[in-house]
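Analysis of the macromolecular model
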Amino acid sequence: MKTMTALTAALLCTALYAPAAANAQAKPALKKEAAANVDAHAKLVQEMVDSIFSYAEPGFQEYKTSAYVTGILEKNGFKVTRGVAGIPTAWTATWGDGGPLIALGSDIDCLLGLSQYPGSPTLKPMVAGAPGHGEGHNSGMPLIVAAAIAAKDVMQKNGIKGRLMIWPGVAEELLATKAFYVRDGLFKDVDASIFTHVGNGFGTGYGEMGNNGMVSVEYSFHGKTSHAAGAPWAGRSALDGVEVMDMAWNMRREHLPLTQRSHYVITNGGGQPNVVPGEAAVWYYFREQTFDSIRKLYETGNTISEAAAMATGTTVTRKLLGYAAPNFGNKPLAEAAQLNIKAVGMPQWSADDQAFAKAIQVANGLKIEPLGTTVEPISTPETRGKSNGGGSDDIGDIMWAVPTITIRFPSNVPSTIGHNVTAAIAMATPIAHKGAVAGAKAVAMTVLDMMTTPALIAKAKDYFDNVQHKDQKYDPVLTAEDKPAIHLNEQLMAQMRPQMEKFYYDPTKYGSYLEQLGIAYPATAPAPTAK
C-alpha cells in the first residue's frame, strides 16, 4: 500500500475527527484532486504573480493586468464580460450552469510611488516615482485563477453542478469600486463569496472584523481670481476655503469618538502665489465602525465644508470618490475554510526562503521573525477583542450583499510594513509563489464544500440573515447619481507607463522575473543596474 501524502492524511483526519463540520465538507478524494490540480498549475501561478508585479498598475489603470488575467480565464473555458459597473478595467468571468453560484475575487491594483526591485532586500525603485505592489495585490488574483481552474476541472470530471464567477478588486487602494459593483447588481444572484488578501499568515475569521468603513470624498472650492498684491480685495480665495475647512476639521477631531479615523490631502492648492486661487480642492477619507456613525461623520464633514465656504466667500461642491462598508465575515463559511487551511498547512519554506526573509528584515531595520510554519487559529470577535478603529477594505460592501469570507494567505514576509516598499520586496519571489499556491488549494477545497454540501450554503445564509443583519443593515452613502472615479491615476500612468514597459516580465524567455532582472535568490546585495 502506498504511503498517504500529508494532505490526504490531514483531509481524512478532518473528516473523521470533526463531526460538527462533517456535513459541510466535500469528499476527501475530491479535495485531494483539487489540490493536485493546483500543484499542476504552480508554474502558471508563478508566471501570473511575476507578470502582474511587473505591470504595477494603480487603481482604475489596471488595463494590462485585466487583459492578461481575462485572457487566461477565457483560455480555460470562462466567459468574460468586460467593463462592468461602468469601470473599464472591471470584469466578470463565469463558468457552469445549475447549482450554487460562488463568487471568487481578489484585488489587482498597486500603490503610488512604491516601485521596487523584487528579490533585493535593499530599497531601490525600478522606475523612480512609479507605482509598485507594496501591498502584494499581485498575488491574489493568480491564487483565485488557480483555485477556479482546479474547482472547475474537478466539478467537470465528477459531474458536480455549480457555477463560478471570478471578479477583480479594481482600485481597492482607493476603496472605489466594490460599492458600485453591489449597487449595479453584480452579486444579486450569488449564493456565497470567497475573497483573498495577501499576508504573512494563513487563516480566516468571522463576525465584525474590527476595521472601519469609510467614505472617500473630494471637496472643490470655487472662488474668484485677482492680483494677489494689486487687488486682493477683488478676489475670493478657494484655497482659503480649503484651509478653513482643514483647520475646522482638525479642531473638531477633539470632540469625535475614538473609533473615527480621518485624513486628507490638498489635491489642488492653486497655481502661483501672485494669483488668488479661483479653484482649490481637498480629498478626505472619513472612517468609522458602523453604517450610522460613518454617515454622521460624512455629514459632519459636509457641514464643515459648507461653513468654510461661507466664511471665505466661496462656494463648495463635493464628489464621492469611494465607499467601503465595515467588514463582517460569515461564520459557517469561515469554519469550513479553516478546516481546509489546516489540511493544506503552511508552505514548505526552504532555507533560502528563510534566509531571504531575514535579509529583508536586517537590511530595513525590521523585527527579526522567521517565515511562519503553522497556520493561524480562526479569528473570532472574542479572540480579536474590542476594536478602537483602523483601516478599511471595500470587500465589506460585498460582505453585506452575500455571505462572504476573506482568506489571508502567506505570500509576504513578517515585519514588513503595509503600503510601503518593504512589502514589495518579496512579492515576485518563491515566497510569494508558494503562498499563493497554498491559498489556491484552500479556496478550491472550500468551493467544493459549498458545491457538494447544500447544508453549508443554508447555514451561511441563515447566519447572514439572522446574525449579521440582526442589528445593522447595509446603508452606504453612495447614491444612484454617483459614478466611479475612473479618471484617477490616468495622467500619472500616461507619464510612467512608457518607462515601466521595459520591465514587463516575459515568461516565454525567462523562468522567473528574478531571472529576467538578473537577481540571484536569496539576494543579500543591492539590486543590479537596470538592463
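Quick note: structure is the one above.
Residue numbering note: each chain is counted from 1, following its sequence as written. In keeping with the model being predicted, local features are shown solely for residues with a pLDDT of at least 70 and side-chain atom pairs are shown and tallied solely at 80 or more, while totals for entire chains, interfaces and linings include all residues. By convention in this description, side-chain values take in all heavy atoms of the structure and omit both hydrogens and water.

Some words on the packing of helix 4 (residues 42-55) against helix 6 (residues 140-158)
- What counts as an axis is a line fitted to C-alpha atoms, over the stretch in contact for a helix, and the angles between N-to-C directions run from 0 to 180 degrees. Secondary structure counts use DSSP, requiring at least four H or I residues in a row for a helix and at least two E residues in a row for a strand, with both numbered from the N terminus. One way to put it is that helix 4 packs onto helix 6 with a least axis distance of 9 Å and a crossing angle of 150°. It follows from the interaxial angle that helix 4 and helix 6 lie roughly antiparallel. Judged by the sense of rotation from one axis to the other, the crossing of helix 4 with helix 6 is right-handed. Every residue of helix 6 that contacts helix 4 at Leu-44, Val-45, Met-48, Val-49 and Ile-52 is listed here: Pro-142, Val-145, Ala-146 and Ile-149.
- Side-chain classes are defined by residue name, with Ala, Val, Leu, Ile, Met, Phe, Trp, Tyr, Cys and Pro counting as nonpolar, Asp, Glu, Lys and Arg as charged, and the others, Gly among them, as polar. Of the residues assigned to the contact of helix 4 with helix 6, the class counts are 9 nonpolar, no polar and no charged. Here the angle decides the label: under 35 degrees means roughly parallel, over 145 means roughly antiparallel, 65 to 115 means roughly perpendicular, and every other value means oblique. Crossings are classed by handedness, with left-handed meaning an anticlockwise turn of the near helix from the far one by less than a right angle and right-handed meaning a clockwise turn. Contacts are residue-level and defined by heavy atoms, with any inter-residue pair within 4.5 Å sufficient.

Topic: the pairing of strand 3 (residues 101-107)
- With 7 of its 7 residues buried, strand 3 lies for the most part within the structure.
- Per-residue accessibility, obtained with a 1.4 Å probe over protein chains only, is compared with the maximum for each type, and a residue is labelled buried under 20%, exposed over 50%, and partly exposed between these values. What you see with strand 3 is no split at all: Leu-101, Ala-103, Gly-105 and Asp-107 on one side and Ile-102, Leu-104 and Ser-106 on the other are buried throughout.
- Note on pairing: DSSP must find at least two bridges between two strands before they are called paired. Strand direction decides the pairing type here: strand 3 and strand 4 (residues 162-169), joined by 7 bridges, are parallel. Bridge pairing in strand 4 places Ala-103 opposite Met-165.

What to know about the layout of surface pockets
- Grid points spaced at 1 Å and placed over the protein atoms alone form the basis of the search, with a cavity being a set where a 1.4 Å probe fits but cannot get out and a pocket an open set showing protein on both sides within 12 Å along at least five of seven lines. Lining residues have an atom within 4 Å of a point. Grid points are joined across faces, edges and corners, and a volume is the space filled by probe spheres set on the points. Taken as a whole, the largest pocket holds about 970 Å³ of empty space.
- When contributions to the lining of the largest pocket are tallied by element, the ones reaching two or more residues are strand 8 (261-268), strand 9 (279-288), helix 13 (395-399) and strand 12 (404-410).
- For the lining of the largest pocket, the element with the highest residue contribution is strand 9, accounting for 4 residues.
- The residue makeup of the lining of the largest pocket, split by class, is 16 nonpolar, 15 polar and 8 charged.

Topic: unusual backbone geometry
- A cis amide bond, omega 5°, links Tyr-521 with the succeeding residue Pro-522.
- In this structure, Pro-522 sits in the segment after helix 17 (513-517).
- Phi is positive for Ala-171, close to 55°, though the residue is something other than glycine.
- Positionally, Ala-171 belongs in the loop between strand 4 and helix 7 (178-183).
- Accessibility expressed as a relative area gives 0% for Ala-171, which makes it buried.

A few points about empty space enclosed by the protein
- Across all of its chains, the model carries 2 cavities of 30 Å³ or more by this definition.
- The residue makeup of the lining of the largest cavity, split by class, is 11 nonpolar, 5 polar and no charged.

Describing the pattern of salt bridges
- The term salt bridge refers to a pairing of a side-chain nitrogen on Lys or Arg with a carboxyl oxygen on Asp or Glu at a separation within 4 Å. Taken as a whole, this structure holds 15 salt bridges when the rule is applied.
- Residue Glu-74 pairs with Arg-82 through a salt bridge whose shortest N-O separation is 3.2 Å.
- Here Asp-191 and Lys-461 are joined by a salt bridge, their closest N and O atoms 2.7 Å apart. Of the two residues, Asp-191 sits in the loop between helix 7 and strand 5 (192-199) while Lys-461 sits in helix 15 (residues 454-468), which places them 270 residues apart along the sequence.
- Residue Asp-191 is classed as buried on the basis of its relative accessible area of 15%.
- Lys-461 gets classed as partly exposed once you look at its relative accessible area, which sits at 32%.
- Taken together, the shared-partner salt bridges connect Asp-107, Lys-178 and Asp-394 into one network.

Details of the sheet that holds strand 9
- One open sheet holds the 4 strands; their spatial order is 8-9-7-10, and the pairing between them is antiparallel. Lying at the two open borders of the sheet, with one neighbouring strand each, are strand 8 and strand 10 (315-324). Strand-to-strand twist in this sheet, taken as the mean axis angle between neighbours without regard to direction, amounts to 20°.
- As paired strands, strand 7 (residues 213-222) and strand 10 are joined by 9 bridges and run antiparallel to one another. Residue pairing across strands places Ser-220 opposite Thr-317, the latter belonging to strand 10.

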